[in-house]
Every structure is written in structure tokens, then in C-alpha cells.
Amino acid sequence: MAAPFSWIVPDPHGVYIPPADCWIDPSKPVAKALVTHGHADHARGGHGKTVATPETLAIMELRYNTRENVRPVAYGETVRLDGGVDATYVPAGHVLGSAQILLEHAGERVVITGDYKRRPDPTCPPFEVTKCDVFITEATFGLPLFTHPPIEEEMAKLLDRLAAYPDRCVLVGAYALGKAQRVIAELRRAGHHEPIYLHGAMEKMCRLYEEFGVDLGELRMVMDYTKDDIRGHVVISPPGALNDRWSRRLPDPITAMASGWMRVRQRARQRNVELPLVISDHADWNELTRTIQEVDPYETWITHGREEALLRWHQLHQRRARALAMVGYEDEDD
């Protein structure tokens, strides 16, 4: 009789499923990859076959030019893989198209979360708690100091600063996939219906979100307008452009950044951020521990992030856990 969960093998380059001869979020090209979402530390080109949600496949085509040998999977749909392994894609609430992958084989259930958050997000379906025997979770913000504030408070800070300086603009650095679109959608939800200006690198991903039904309101390219046009408005750019020459075309920008890492003041100072906005697309400490309690797995496997604190939490709560040594996962500008 096979040992429990022997059909799922953690590897430095991803999670390997021997009976199905496939990988989850591999960091190297493989014959068959099941991908949780489109961020570069989980998705890449070069696979023989890629299985993901339609939204993630569209993101991968835009970013990595992957057009062939793809298999779209809708949320809730189960795909039968080789070796009698079933894979079901479940919303992860991280970014557009993001999914947890539930694997079932030999009477055992394993959930691989990819990246996830528990806060509502107008740009993607919410995380769904899925019972399983092994829960493979991220731990990007796996320290008790990371407790994300309500996003409504961060949007209010942004809009208050904008109103206080009508002759300037607020330049928000935001990760190009997911964070930028969420900030725009949350501004709309907060009642801000003025045009929002974009760095050129943001346009294609924002248009892709709109193609999948996410309403972002009126978006304008900075390059098409003058400084006077942009005064009193919000501008969204990649984090790397905050202090770049590009920003000189803006009217005395108030530099902001939307990231869970803005909880760490040193990170804000390092980037010369005047208005840190603590907005994360990952679960914070309380959400990580609450999710584990709700899923209630036999064992938790902890991937990229702050594994030590979460391992200690498991020990204190008499829960089984282990840390996985994975490569290629980044502290993205969340």
C-alpha cells in the first residue's frame, strides 16, 4: 500500500504529480503544467501543454506569447488527468483568473492555493474555502506584524491627499497585473469617476481586464495629455517608474505606492514614497491562520514566504505542518 500523499512530490521547481506526469506552477519548461495564475513567479512560457482558467491563459498570451497547446478550465470544472488524478479549479481571489487547484487521487484531496487573499476584490471572484487533507499555502505575509487595513481607509487617504493638492497629481505605483486594476476599481467604488491616467505599460493589461467584464471607467494615457490636463488627477504606473525620468512629465506628483510591503516603513523610505498605501493581494497573518483553521487539513505545506512563523503557529495549535523549499518565487511589488 502506498504511503499517504506519495503521489504529490514537492520539488524546488514546483509541485510534481507523478501519476499524471504534470507540474503545478513550475519555474522551468515542462511537458504539462497546471498554472494557478498569471504572475511571472507562477506562470511562464515554454510548456508543452498549459492548463489554466481562460483569464489566466489570456494573461499568459499577452505576457509570454503562449498561444498553442492550452486547455482552458472554468471555475468549478474538473479535469481528468493521466493516472486517475482529478484537478478542479477553485477561485483564489488573488487576481483576474487566479485559482486554487484541488487535486484528488486515491481517496486523498490536496489543495494548492497559489497566491490568494480573503478580502473582497471587484476585479475577481472571492476565495472559496475548500476542505482537503493537505493544504499547500503561500506565506508571503506570514508574520504577525502584517495585518492589512481595510482598503476603504487606504482609498480615503489617497482621495483626501488628491483633494488637498488640486494643482498636483497623485502618482500611484502598482504592480501591472492585478494591483493596478484593483486600485482603479476600488477608486471607482469609492465614488471617484474622474479620468484616471496610465503609464503606457499599463494599458494592455487594463484593456484585457475590460474584455473580461471588469469596468475600470475612463482611462487615459499620460503620453496623450499635458501637465495641465493631469493636474488634480490620479496616475497609475509600474513601481519602477515612480522615480524614473518618465515621471517628470507629471505636475509635481505626490508619490504613492500600493503594496502590502508599505506596512514596513523602511520599504517606503527606500522607494521615496510620500504616501504609502497598504494594499495587498495576498492574505495577511490573520487571514492565513483563519484560512488554515477553516480548511482544517490533516497537514499544511507552506511555500514561498515567511515559513518559520507559520510553522511555529502550527506547533502551538497542535497542527501538522512542513515548509517546502521552492525556488523562483519573488517578493513581487504585491
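Along each chain, numbering runs from 1 in the same order as the chain's sequence is written. Residue-level local features of this predicted model are given only where pLDDT is at least 70; pairs of side-chain atoms are given and counted only at 80 or more, and the full residue set underlies all totals for whole chains, interfaces and linings. Only hydrogens and water are set aside; all other atoms, that is, all heavy atoms of the structure, feed into the side-chain values.

Caption draft 1: Region of the structure containing the pairing of strand β9 (residues 99-105). Counting buried positions along β9 gives six out of seven residues, so the element sits mostly inside the fold. Strand direction decides the pairing type here: strand β8 (residues 85-91) and β9, joined by six bridges, are antiparallel. By the bridge assignment for β9, Val-90 is matched with Gln-100. Any two strands are treated as partners once DSSP identifies two or more bridges connecting them. Every helix listed is a DSSP run of H or I at least four residues long, and every strand listed is a run of E at least two residues long, numbered separately from the N terminus. Sheet analysis places β9 next to strand β10 (residues 108-112), joined by five bridges and oriented antiparallel. By the bridge assignment for β10, Glu-104 is matched with Arg-109. Hairpin geometry of β9 and β10 is characterised by an intervening segment of two residues between the two adjacent antiparallel strands and by a positive phi of about 55° at Ala-106. In this scheme, a residue with accessible area under 20% of its type's maximum is buried, one over 50% is exposed, and one in between is partly exposed, where area comes from a 1.4 Å probe on protein chains only.

Caption draft 2: Inspection of the domain arrangement of the chain at higher detail. As assigned here, the chain comprises domain 1 (9-145 + 282-323) and domain 2 (151-278). Residue ranges assigned to each domain were obtained from an automatic or database domain assignment. For domain 1 versus domain 2, the distance between C-alpha centres works out to 29 Å. Contact residues are listed per partner, giving 21 residues for domain 1 and 16 residues for domain 2. Accessible area, probed at 1.4 Å, shrinks when two parts are joined; the buried area is that loss added up over both. Of the roughly 1,600 Å² buried at the junction of domain 1 and domain 2 (both faces included), carbon and sulfur atoms supply 76%. The largest share of the area that domain 1 buries against domain 2 comes from Leu-62, Leu-96 and Thr-123, three residues that together contribute 29% of it. We define a salt bridge as a side-chain nitrogen of Lys or Arg found within 4 Å of a carboxyl oxygen belonging to Asp or Glu. Seen at the junction of domain 1 and domain 2, the total is one salt bridge. Its salt-bridge partner being Asp-121, residue Arg-182 comes within 3.9 Å of it at the nearest N-O pair. Under this definition, polar contacts are N or O atom pairs within 3.5 Å; protein pairs additionally need one hydrogen-donor-capable and one acceptor-capable atom, and for neighbouring residues in sequence, both atoms have to be side-chain atoms. The tally of links from domain 1 across to domain 2 stands at two residue pairs in polar contact (both at pLDDT 80 or more). Between two residues, a contact is recorded if the distance between any of their heavy atoms is within 4.5 Å.

Caption draft 3: Broad picture of the sheet that holds strand β6 (residues 70-72). Taken together, the six strands give an open sheet; going across it, the order is β1-β2-β3-β4-β5-β6, and neighbouring strands pair in mixed fashion. Each edge of the open sheet is held by one strand with a lone partner, namely β1 (9-11) and β6. Going from strand to strand, the sheet's axes swing by 25° on average, the running direction of each strand aside. With two bridges joining them, strand β3 (residues 22-24) and strand β4 (residues 32-34) adopt parallel strand pairing. Considered in β4, the bridge of Trp-23 is made with Ala-33. Every angle, taken between N-to-C directions, lies between 0 and 180 degrees, and every axis is a line fitted to C-alpha atoms, over only the stretch in contact when it is a helix. The strands that helix α1 (residues 54-64) touches are β5 (49-52) and β6; relative to β5, the one it contacts most, it runs at about 135°.

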